[in-house]
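As a plain string of letters, each chain reads:
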Amino acid sequence: AAAGGVGCMAGQIAKAHEARAIGIAGGPDKCDWLCQQAGFDAAIDYKNEDVAEALDRLCPDGIDIFFDNVGGPILDIVLQRLAMGSRVVLCGLIATEYLTERPPGPAYYSELLYKRARMEGYVIWDQVRRYPAFQAKLKAWYDQQLIKPLDDISVGIETVPDALSSLFKGGNTGIRLVRVSEDD
Ligand SMILES: NC(=O)c1ccc[n+]([C@@H]2O[C@H](COP(=O)([O-])OP(=O)(O)OC[C@H]3O[C@@H](n4cnc5c(N)ncnc54)[C@H](OP(=O)(O)O)[C@@H]3O)[C@@H](O)[C@H]2O)c1
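The sections below set out a description of the structure shown in this document.

Thresholds applied
Residues numbered from 1 in each chain as written. Predicted model: local features only at pLDDT ≥ 70, side-chain atom pairs only at ≥ 80, totals over all residues. Heavy atoms only, no water. Phe/Tyr/Trp six-rings, centres within 6.5 Å; stacked < 30°, edge-to-face > 60°. Buried < 20%, exposed > 50% of the residue type's maximum accessible area, 1.4 Å probe, protein only. Near = heavy atom within 4 Å. Polar contact = N/O pair within 3.5 Å; in protein donor to acceptor, adjacent residues only side chain to side chain. Areas by Shrake-Rupley, 256 points an atom, 1.4 Å probe, with all protein chains shown as cover. Nonpolar A, V, L, I, M, F, W, Y, C, P; charged D, E, K, R; others polar. Domains from an automatic or database assignment. Pairing = 2+ DSSP bridges. Helix = DSSP H or I, 4+ residues; strand = E, 2+ residues; numbered from the N terminus. Axes fitted to C-alpha atoms, helices over the stretch in contact; angles between N-to-C directions. Contact = heavy atoms within 4.5 Å. Disulfide = S-S within 2.5 Å. Right-handed = clockwise from strand over helix to strand, strands pointing away.

Moving on, we come to the packing of aromatic side chains. Tallied over the entire structure, the rule returns three aromatic pairs. A centroid spacing of 6.5 Å and a plane angle of 80° characterise the contact between Phe 134 and Trp 141, whose relative ring orientation is edge-to-face. Assessed through its relative accessible area of 35%, Phe 134 is described here as partly exposed. For Trp 141, a relative accessible area of 10% gives the class buried.

And the structure:
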């Protein structure tokens, strides 16, 4: 979900730390947007490309940090390509979260052992106390043009149902917002 609200910020923050950022998203338009607008170094279209092959090509030395918004099969593909001492940030599970039956667990979690890797859950509410310091950091990166807001705005309270449901169909690019009044 690299072209979603969380993913496009995670990638920009990675770039601000001088990491190489590779996003995975659905469709060529979102992948172009990730490279042209969000500043990612590369993007993989998981709907039309072989993700495993693309990761082998783009990350021949393995993946140091995986910021996971989706879980499911993509997590398993990445686990097989972790670098030694790598980190997996579990943020979202959109590929499996709404299934009626519990999905099978990651088949390749053993890679965490072999690669001395760490997988840890991340929940935004645990970080509330750090907001002021983080906002100052964001502002500094913004001033240095290292990050930019990437909002996908619809206008009018009546657009809320469509704006919300589009999140589950990949309908947004960037952070989905609804402007409820022209004066805001
Ligand atoms: N841990 C936390 O504190 C925290 C906070 C906020 C959000 N989250 C989670 O982080 C994730 C992303 O949130 P967001 O606000 O960035 O959402 P978002 O902007 O709505 O992005 C969601 C994107 O997920 C992709 N997607 C949908 N189904 C998928 C599937 N089966 N496999 C792969 N990709 C799929 C779609 O993009 P494509 O067109 O590319 O498929 C969709 O646009 C969500 O799972 C959310 O619950 C966690």
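This paragraph deals with the site of the ligand. Around the ligand, 21 residues are found, and the nearest of them are Val 6, Gly 26, Lys 30, Tyr 46 and Tyr 122. Taking Val 6, its main chain carries an N or O atom lying 2.7 Å from an oxygen atom of the ligand. Contact between the ligand and Gly 26: an oxygen atom at 2.7 Å from a main-chain N or O atom of the residue. Contact with the protein chains removes 78% of the 920 Å² of surface that the ligand exposes when unbound. Class assignment for the residues of the shell around the ligand results in 13 nonpolar, seven polar and one charged. Here the shell around the ligand spans two domains, and each of domain 1 (5-144) and domain 2 (150-184) adds at least three residues to it.

Bringing the sheet that holds strand 4 (residues 82-90) into the picture now. The strands making up a sheet are joined through hydrogen bonds of the backbone, oriented either antiparallel or parallel. With parallel pairing, the three strands of this open sheet are ordered in space as 3-4-5. Looking at strand neighbours, the two that pair on one side only are strand 3 (63-68) and strand 5 (118-121), the edges of this open sheet. Strand-to-strand twist in this sheet, taken as the mean axis angle between neighbours without regard to direction, amounts to 10°. Here four bridges tie strand 4 to strand 5, and the two strands are oriented parallel to one another. By the bridge assignment, Arg 87 is partnered in strand 5 with Arg 118. The strands touched by helix 4 (residues 72-79) are strand 3 and strand 4; relative to strand 3, the strand with the most contacts, the crossing angle is about 170°.

Time to look at the state of the cysteines. Tallied over the entire structure, the rule returns zero disulfides. Just so you know, Cys 8 is unpaired, no disulfide at all, and the nearest cysteine sulfur is the one on Cys 91, 12 Å from it. Since its relative accessible area comes to 0%, Cys 8 is described here as buried. Between Cys 31, a free cysteine, and Cys 35, which holds the nearest cysteine sulfur, the sulfur-to-sulfur gap is 7.1 Å.

Alignment of strand 1 (residues 22-25) against strand 2 (residues 42-45), held across four bridges, turns out to be parallel. Within the sheet, the bridge partner assigned to Ile 22 lies in strand 2 and is Ala 42. Between strand 1 and its parallel partner strand 2, the chain crosses via helix 2 (residues 28-36), and the hand of that crossover is right-handed.

Although it is not a glycine, Glu 18 sits at a positive phi angle of roughly 65°. Locating Glu 18 in the fold gives a position in the loop between helix 1 (5-16) and strand 1.

Keep in mind these numbers describe shape, not what the thing actually does.
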